[in-house]
Amino acid sequence: MATLSLQHIDKIYDNNVQAVFDFNLEVKDGELIVLVGPSGCGKSTTLRMVAGLEDISNGHLLLDGKDITQAPAKDRDMAMVFQNYALYGHMTVYENMAFSLTMRKEDPNVIHKKVLAAAEILNLTTQLNKKPSQLSGGQRQRVAMGRSIVRTPKVFLFDEPLSNLDAKLRGSTRREILLLHKRLKATMLYVTHDQTEALTLADRIVCMSMGHVQQVGTPLELYDTPANLFVAGFIGLPPMNFFDVTVKGGALVGKGMTVKLSEDQKNTLRSYEGKTIVLGVRPENIVLGDDVTIKVTSNENLGMNTLVHGNIKGGDKITGKLRGWCDYKNGDEVKVSFDRMHFFDKETTNAIRGEV
């Protein structure tokens, strides 16, 4: 399909508000890249700059090595799937999918073959004569994707395509997008604020905050080795627990806790002796043990796991994801240990590498 190169791209609006800062990314042929972050972080603005719907203030955008920074949207050979479907209500599904090809005055027989092929891929063959109002939200989104597929663009762009769907439809449509990517082997840029979509869809994730790229990597890299406190707190559900602790004599000492360090952990934190750092622990890395006492405030039974919410005795709030069905009551005390810890510099918020 295509490669994309985003080189030192900025977006500065006329009122001098900067929305995107020095964005750099190399997208491989056939790669599915997900831009994720909270509302207002610049991810949709970045996608719109790639699409040609927003001007690029500084930097360069290359498609297959060709500079298209100033190229109009119609000449970029990209197809965008929007959050609100953007379907024509007076047209049938067939007519909506064929629209762009009809406007190009392509051969009707070619159009027919392309629409039928796309409809088969998206399981829309029996819906072609219906109007959008007769379809479910998931079906309408598939029509929007079908309209993009028939164009055979070099790059597919998705702007929060599942945000208008209910939870069940989001799950099924997400799987359809993943299967579509595998079948088409297409280059795709996908924007979402939903980390579940990012973790399940992406070959690589670009995590953004306040216009800046925080980390680029595989889903496992962002989950397992977050670059900083923002990524650690944004990726993972429930979110990571954070505690201020002091490195003291081979242990981490905080409010209501003293956690011994392994030799590897001591080496990692050697230069932080006597200093305060941020300890990060994912809820799923909290296990029954004897290092820390939690005073339970509530539990959420999820079947195979239980979310246990509480406070460290004399200290901070904490959430643990314990295995099995637990039946703790408000006020119960539970002793736990941490089987995986992450360390962060309190000043820079960057990860202290070597955590185990």
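The coordinates are above.
Structural notes, computed from the coordinates. Computed from a predicted structure; not experimentally measured. Position labels on residues start from 1 in each chain and follow its written sequence. pLDDT decides what is reported in this predicted model: residues at 70 or higher carry local features, side-chain atom pairs at 80 or more are listed and counted, and totals for whole chains, interfaces and linings draw on all residues regardless. Side-chain metrics in this entry use all non-hydrogen atoms of the structure; hydrogen atoms and water are not considered.

### Examining the packing of aromatic side chains
Just so we agree on the cut-off: Classification of ring pairs uses Phe, Tyr and Trp, with its six-membered ring standing for Trp, and accepts pairs whose centres are within 6.5 Å; under 30 degrees between planes counts as stacked, over 60 as edge-to-face, and the remaining range as tilted. For helices the rule is a DSSP run of H or I covering at least 4 residues; for strands it is a run of E covering at least 2, with both sets numbered from the N terminus onward. Relative accessible area decides the class of each residue, using a 1.4 Å probe on protein chains only: under 20% of the type maximum gives buried, over 50% gives exposed, and in between gives partly exposed. Throughout this description, the term charge over a ring refers to an Arg CZ or Lys NZ atom that lies within 6 Å of the ring centre and within 35 degrees of the ring normal.
The final tally for this structure, using the stated rule, is five aromatic pairs. Between the aromatic rings of Tyr88 and Phe99, the centroid separation amounts to 4.8 Å while the plane-to-plane angle is 50°, which identifies the pairing as tilted. Of the two residues, Tyr88 sits in the loop between β6 (78-81) and α2 (93-103) while Phe99 sits in helix α2, which places them eleven residues apart along the sequence. Tyr88 sits in the partly exposed class, given a relative accessible area of 34%. Geometry around Tyr272 places Lys275 over its ring, the cationic atom sitting 5.9 Å from the centre.

### Brief notes about the sheet that holds strand β8 (residues 187-192)
Strands belonging to one sheet form pairs held by backbone hydrogen bonds; the direction of such a pair is parallel or antiparallel. To keep things clear, this is the line we draw: Between any two strands, at least two bridges found by DSSP are needed for them to pair. All axes are obtained by fitting lines to C-alpha atoms, using only the stretch in contact for helices, and the reported angles, taken between N-to-C directions, cover 0 to 180 degrees.
Strand order in the open sheet made by the six strands is β6-β7-β8-β3-β9-β10, with mixed pairing throughout. Edge strands, defined here as strands with exactly one partner in the open sheet, are β6 and β10 (212-217). Looking at each pair of strands side by side, their axes are set apart by 15° on average, direction ignored. Sheet analysis places strand β9 (residues 204-209) next to β10, joined by five bridges and oriented antiparallel.

### Here we look at the pairing of strand β16 (residues 305-312)
On any regular strand, side chains alternate: one points to one face of the sheet, the next to the other face. The buried fraction of β16 amounts to six of the eight residues, a majority that puts the element mostly inside the structure. Of the strand pairs in this sheet, strand β15 (residues 286-301) and β16 are connected by seven bridges, and their pairing is antiparallel. The residue of β16 that forms the bridge with Lys295 is Asn311. In this antiparallel pair of consecutive strands, β16 and strand β17 (residues 317-323), the connection spans four residues, and Gly314 shows a positive phi of 80°.

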